[in-house]
Amino acid sequence: MALVLTALAGAVGESRYEKFLRQHVDHPRTPVLAAHRYCETMLARRRVTAPGRPCKPSNTFVHSPAEELVAACTQTPDAGGFHSTPTPMGLTACRLRGGDTRPPCTYRARQLQHHVRVTCLDGLPVHLAGTYAPTQ
């Protein structure tokens, strides 16, 4: 019980950047015993999903160093105000299977090499706005 309270207390005091890191950065990619369960395992470990809360429809984990996402904030923003990484990054895109948002949550994982779009605040990424494939 104390461990659960400690974990929750950490989430309450985290900055937006720390929350971004917890929810979206997994570098190097965490090995899991059952590769097909990567999304379920990581979303639970990172407290993105939790018992009694609705399942998150989608979440992306970036497998590059956080510094590379911070560097994206130095790039010129697009018309929507988003900053993009100059090079594609390895990532895992998790999408909820089926239409039910009640636990237990099951996800489909896709390994991609995409550019990452972020919203920045004070030079730090605070929201993953999406990803897109590199142009050929």
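Residues numbered from 1 in each chain as written. Predicted model: local features only at pLDDT ≥ 70, side-chain atom pairs only at ≥ 80, totals over all residues. Heavy atoms only, no water.

(A) Structural context of the pattern of salt bridges. Tallied over the entire structure, the rule returns three salt bridges. Taking the shortest distance from any N to any O, the salt bridge between Asp26 and Arg46 comes out at 3.5 Å. Of the two residues, Asp26 sits in the loop between α2 (16–24) and α3 (38–45) while Arg46 sits in the loop between α3 and β1 (58–62), which places them 20 residues apart along the sequence. Considered together, Asp26 and Arg46 belong to a single accessibility category, that of buried residues. Among the salt bridges present, the one from Arg117 reaches Asp78, with a minimum N-O distance of 2.8 Å. Remark: Asp78 occurs in the loop between α4 (66–72) and β2 (83–84) and Arg117 occurs in strand β4 (residues 107–121); sequence separation between them is 39 residues. (Salt bridge = Lys/Arg side-chain N within 4 Å of Asp/Glu carboxyl O. Helix = DSSP H or I, 4+ residues; strand = E, 2+ residues; numbered from the N terminus. Buried < 20%, exposed > 50% of the residue type's maximum accessible area, 1.4 Å probe, protein only.)

(B) Looking closely at the side chain of Asn59. Relative to the helices and strands, Asn59 resides in strand β1. Looking at Asn59, its side chain comes within polar contact range of the side chain of Lys56, at 2.7 Å. Not counting the four nearest positions on each side in its chain, Asn59 is found in contact with Gln23, His24, Leu43, Val48, Thr92, Ala93, Cys94 and Arg95. (Polar contact = N/O pair within 3.5 Å; in protein donor to acceptor, adjacent residues only side chain to side chain. Contact = heavy atoms within 4.5 Å.)

(C) Geometry of the side chain of His83. Here His83 shows up in strand β2. With relative accessibility at 12%, the residue His83 sits in the buried group. A polar contact of 2.7 Å, which involves the side chain of His83, links it to the backbone oxygen of Gln75.

(D) Quick look at the pairing of strand β5 (residues 124–132). Pairing of β4 with β5, which is carried by seven bridges, proceeds in the antiparallel orientation. Residue pairing across strands places Cys120 opposite Pro125, the latter belonging to β5. Two successive antiparallel strands, β4 and β5, enclose a turn made up of two residues, where Asp122 displays a positive phi of approximately 55°. (Pairing = 2+ DSSP bridges.)

(E) Representation of the state of the cysteines in the model. Taken as a whole, this structure holds three disulfides when the rule is applied. With a sulfur-sulfur separation of 2.0 Å, Cys73 is cross-linked through a disulfide to Cys120. Between Cys73 and Cys120, the S-S torsion sits near -85°, and that sign places the bridge as left-handed. Separated by 47 residues along the polypeptide, Cys73 in the loop between α4 and β2 and Cys120 in strand β4 bring together distant segments of the chain. Along the chain, the cysteines engaged in disulfide bonds are linked according to the scheme 1-4, 2-5, 3-6 when indexed in sequence order. (Disulfide = S-S within 2.5 Å.)

(F) Up close: the UniProt feature "domain: Ribonuclease A-domain" (unreviewed entry) in the chain. The feature "domain: Ribonuclease A-domain" (unreviewed entry), as annotated in UniProt, sits at residues 13–132 in this numbering. With 20% helix and 32% strand, the stretch residues 13–132 has end C-alpha atoms that lie 32 Å from each other. (UniProt positions renumbered as here; feature names shortened; annotations may be inferred.)

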